[in-house]
Amino acid sequence: MAKIVTTMQSNNTQTDSAPKRKGGVKRVIKWALISLVTLVVLAVAAAIIWLGPIAEWYLEKHDTELIGRRVEMDDLRIKLFKGELSAKNVILYEHDNETHFARLGDVTAEMALGEIFDNHVHITRLNADEAYLRIDQNVEEFNFDDMLLYLDEAYPEEEDTE
């Protein structure tokens, strides 16, 4: 009978020392908010890290829609908080999509960040190494006239109302 009593005492001891949970709903909400904030921070960090490759893919896929010519480039990097952009081996093709119109080895650009939110890109400094530009003139037109006409139609200038 002594054994049974000892076993019962040890079972009672275990139930008495079990931790009691306080604030169950508040605790769940707290951890859910911490998890959500962590996920948002990780998503923003990932977007900033992969901004260059995503922008490179987008530019190469939609190049003719954006500037009217085919573009290729390697290793586009965007430093969002510094306002810097760099790319290697940038090639802008002629209208025939085979001949090089412009080729740049390394390109770096510095931009004014404040105007990006107004849908303006203000490049304050541009550096291009190993630059090649092909300009042809046939009587009254140049080989880049079609691109200028496309850009004029695609992005009309806004009139200043100031």
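In the block above lies the structure referred to throughout.
This one's a predicted model, so the numbers in the text were calculated from it and none came from an experiment. (Residues numbered from 1 in each chain as written. Predicted model: local features only at pLDDT ≥ 70, side-chain atom pairs only at ≥ 80, totals over all residues. Heavy atoms only, no water.)

Undergrad: Describe the overall build of the chain, naming the residues involved and giving the relevant values.
TA: Secondary structure summary: the chain contains five helices and seven strands in total. For the chain, long-range pairs separated by at least 24 residues make up 39% of all intrachain contacts whose partners lie at least 6 apart in sequence. About 13,500 Å² of surface is accessible on the chain, with carbon and sulfur atoms providing 59% of the total. (Helix = DSSP H or I, 4+ residues; strand = E, 2+ residues; numbered from the N terminus. Contact = heavy atoms within 4.5 Å. Areas by Shrake-Rupley, 256 points an atom, 1.4 Å probe, with all protein chains shown as cover.)

Undergrad: Before we move on, can you summarise the pattern of salt bridges with the specific residues and values?
TA: One pass over the full model with this rule turns up seven salt bridges. In this structure, arginine 70 engages glutamate 72 in a salt bridge whose closest nitrogen and oxygen atoms are separated by 2.5 Å. The partly exposed category is assigned to arginine 70, whose relative accessible area is 26%. Note that lysine 79 and glutamate 84 form a salt bridge whose closest N and O atoms lie 3.8 Å from each other. (Salt bridge = Lys/Arg side-chain N within 4 Å of Asp/Glu carboxyl O. Buried < 20%, exposed > 50% of the residue type's maximum accessible area, 1.4 Å probe, protein only.)

Undergrad: Lay out the nonpolar core in plain terms, naming residues and giving numbers.
TA: In this structure, Val71, Met73, Leu76, Ala87, Val90, Leu92, Phe101, Ala102, Val107 and Met147 together form the largest nonpolar core, which totals 10 residues. When contributions to this core are tallied by element, the ones reaching two or more residues are strand S1 (71-79), strand S2 (84-93) and strand S3 (100-112). Among residues more than four places away in sequence, those in contact with methionine 73 are Glu56, Leu59, Glu60, Ala87, Lys88, Asn89 and Val90. (Core = buried A, V, L, I, M, F, W, Y, C linked by side-chain atoms within 4.5 Å.)

Undergrad: Describe the layout of surface pockets, naming the residues involved and giving the relevant values.
TA: Estimates place the volume of the largest pocket at around 1,900 Å³. Lining the largest pocket are 38 residues, with Leu59, Ile67, Leu85, Val121 and Ile123 positioned closest to its centre. For the lining of the largest pocket, the elements supplying multiple residues, two or more each, are helix H3 (51-61), helix H4 (63-67), S1, S2, S3, strand S4 (122-129) and helix H5 (145-154). A per-class count over the lining of the largest pocket returns 31 nonpolar, three polar and four charged. (1 Å grid on protein atoms, 1.4 Å probe; cavity = no way out; pocket = protein on both sides within 12 Å on 5 of 7 lines; lining within 4 Å. Points joined across faces, edges and corners; volume = space filled by probe spheres on them. Nonpolar A, V, L, I, M, F, W, Y, C, P; charged D, E, K, R; others polar.)

Undergrad: Provide a residue-level description of unusual backbone geometry, including the pertinent values.
TA: The phi dihedral of asparagine 89 is positive, around 50 degrees, even though this residue is not glycine. Residue position: asparagine 89 is located in strand S2. Located in the positive-phi region is asparagine 97, a residue other than glycine, with phi close to 65 degrees. Position of asparagine 97 relative to the elements: it lies in the loop between S2 and S3. Overall, asparagine 97 belongs to the partly exposed group, its relative accessible area being 33%.

Undergrad: Account for the pairing of S3, with residues named and values stated.
TA: Relative to S3, S2 is paired through nine bridges, and the arrangement is antiparallel. The partner of serine 86 across the bridge, within S3, is threonine 108. Counting the residues between successive antiparallel strands, the hairpin from S2 to S3 contains six residues, one of them, asparagine 97, with a positive phi of roughly 65 degrees. Where S3 lies against strand S5 (residues 132-133), two bridges are found, and the strand directions are antiparallel. (Pairing = 2+ DSSP bridges.)

Undergrad: Tell me what's going on with the environment of alanine 154, and back it up with residues and numbers.
TA: Positionally, alanine 154 belongs in helix H5. Separated by 88 residues in sequence, alanine 154 and leucine 66 place their C-alpha atoms 8.0 Å apart.

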